[in-house]
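Architecture at a glance
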Amino acid sequence: MRSRGWAWALRALRRGYRVFGKMADDGDFRGILLVRKDSGIREVADLRGEAVSYPAPTALAAAMLPQYFLRMHGLDVNRDIDNRYVGSQESSILSVLHGDVAAGATWPMPWKLFQREHPQEAAQLEVKWQTATLPSNGWVVRPDVPQPVQQRFTERLLRLHESAAGRAMLERLPVSRFEPADESTYASVRAFLEEFSAAVRPVAW
C-alpha cells in the first residue's frame, strides 16, 4: 500500500491496483508560482522571454497546473518561456531565490516546509499566482493484498488525526488528515490530463 502521485497511481490502476484513500486538504493541491519580491514581475506577460523552473515535467501540481495556468493567461509555454526542470520542489524554489529563473513553480506543501525551515530566505519570495485545484495524492493497494489487511491499515490511516502522536506525524508532511477515496475521485484529474495534452503539451498517463 503506497501513497503516490498521479502518474504512478494511474498506471497502477491499469495493473489492477485500487484507490482506497487520499490526502485531505484538496485546497492545497494546486500549483503556485513564486517570484522574488524585488523582481519587478507584475503580470503573467512579464514572464515572456524569461526562465521558469519546475521540479519535473510530470509533476501535476507543480508543473502541469502552472503551465496550464500560464497558457490560459496568454503564454505559449513551449515558445514564450524557457522551461527548466530542476529535479525537486526545493530546487525549483531555490532557483527563484538565487535569481536563476524569473519564476518557479511548486505547490503549497513544499512551500510551507521551506518557509518553516528557511524563514529568512522564504521572506525574500512571494506567491505571485495560484492555479485551480485538483484532488490530492491518493493511496493505492495491490490486488493481491488480503482485504482484512487493507481494512486494518485503512482504519488506522484514516484515524491518524484523532491522536496526538498521529497529528504529530501528519504535521511533518504537512497534511491535516487522510480520507477515503476511490477511482471515481480522480475523474477530474483524467479530464485535466486530456485538456492539458490538447492545450499545452502531450503527456503519457
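For clarity, every value in this text was computed on a predicted model and none was experimentally measured. (Residues numbered from 1 in each chain as written. Predicted model: local features only at pLDDT ≥ 70, side-chain atom pairs only at ≥ 80, totals over all residues. Heavy atoms only, no water.)

1. What to know about the packing of helix α2 (residues 60–72) against helix α8 (residues 187–199)
A pair of packed helices is characterised by two quantities: the angle between their axes and the separation of those axes. What counts is decided by this rule: Between N-to-C directions, angles span 0 to 180 degrees; the directions come from axes that are lines fitted to C-alpha atoms, helices contributing only their stretch in contact. Each helix corresponds to a stretch of at least 4 residues labelled H or I by DSSP, and each strand to a stretch of at least 2 residues labelled E; elements are numbered beginning at the N terminus. To sort the angles, those under 35 degrees are grouped as roughly parallel, those over 145 as roughly antiparallel, those from 65 to 115 as roughly perpendicular, and the leftovers as oblique. Here a crossing is called left-handed whenever its near helix is offset anticlockwise from the far helix by less than a right angle, and right-handed whenever the offset is clockwise. The contact definition used throughout considers only heavy atoms, calling two residues in contact when any of these lie within 4.5 Å. All amino acids are sorted into three groups, where Ala, Val, Leu, Ile, Met, Phe, Trp, Tyr, Cys and Pro are nonpolar, Asp, Glu, Lys and Arg are charged, and the leftover types, Gly among them, are polar.
Contact pair α2 / α8: the axes reach a minimum separation of 11 Å and the direction vectors enclose 55°. It follows that α2 is oblique to α8 by the angle criterion. Remark: the crossing between α2 and α8 carries left-handed chirality. Counted together, Leu60, Met64, Leu65, Gln67, Tyr68, Arg71 and Met72 of α2 and Val189, Phe192, Leu193, Glu195, Phe196 and Ala199 of α8 form the full contact between these two elements. By residue class, the composition of the contact of α2 with α8 is 10 nonpolar, 1 polar and 2 charged.

2. Section: the side chain of Lys22
The criterion, for reference: Think of it in three bands: with a 1.4 Å probe and only protein chains considered, a residue is buried below 20% of the maximum accessible area for its type, exposed above 50%, and partly exposed in between. What qualifies as a polar contact is a pair of N or O atoms within 3.5 Å, subject to a donor-acceptor requirement within protein and to the restriction that residues adjacent in sequence count only when both atoms come from side chains.
Here Lys22 is to be found in strand β2 (residues 18–23). Assessed through its relative accessible area of 2%, Lys22 is described here as buried. In terms of polar contacts, Lys22 uses its side chain to reach the side chain of Asp26, at 2.6 Å. If we skip the residues at most four places from it in the chain, Lys22 touches Pro135, Ser136, Asn137, Gly138, Trp139, Phe178, Glu179, Pro180, Ala181, Thr185 and Tyr186.

3. What about empty space enclosed by the protein?
If you roll a probe as big as a water molecule over the atoms, it shows you where there is empty space left. Rule in force here: Both cavities and pockets are sets of points on a 1 Å grid over the protein atoms alone; in a cavity a 1.4 Å probe fits but cannot get out, in a pocket the set is open with protein on both sides within 12 Å along at least five of seven lines, and lining residues sit with an atom within 4 Å of a point. Grid points are joined across faces, edges and corners, and a volume is the space filled by probe spheres set on the points.
The full count for this structure, using the stated rule, is 2 cavities of 30 Å³ or more. If you go around the second largest cavity, the residues you meet are Met23, Ala24, Asp25, Asp28, Phe29, Trp107, Met109, Ser136, Pro174 and Val175. Tallied by class, residues from the lining of the second largest cavity come to 7 nonpolar, 1 polar and 2 charged.

4. So, unusual backbone geometry
For the bond from Leu173 to Pro174, the omega torsion is -5°, close enough to zero to count as cis. Positive phi, close to 65°, is recorded for Asp25, a residue that is not glycine. One can find Asp25 in the loop between β2 and β3 (30–36). Assessed through its relative accessible area of 28%, Asp25 is described here as partly exposed.

5. Regarding the sheet that holds strand β7 (residues 125–133)
Worth spelling out the cut-off: When DSSP locates at least two bridges between a pair of strands, those strands are taken to pair.
Overall, mixed pairing links the 5 strands, which are arranged β5-β4-β6-β3-β7 in an open sheet. Looking at the sheet topology across the chains shown, the edges are occupied by β5 (82–85) and β7. Adjacent strand axes in the sheet meet at a mean angle of 25°, parallel and antiparallel pairs treated alike. Where β3 and strand β6 (residues 103–106) come together, 3 bridges link them in antiparallel fashion. Following the sheet pairing, Leu34 is matched in β6 by Gly104. The strands that α2 touches are β3, β4 (51–54), β5, β6 and β7; relative to β3, the one it contacts most, it runs at about 80°. Taken strand by strand, helix α3 (residues 89–97) contacts β3, β4, β6 and β7, and its axis lies near 160° from that of β6.

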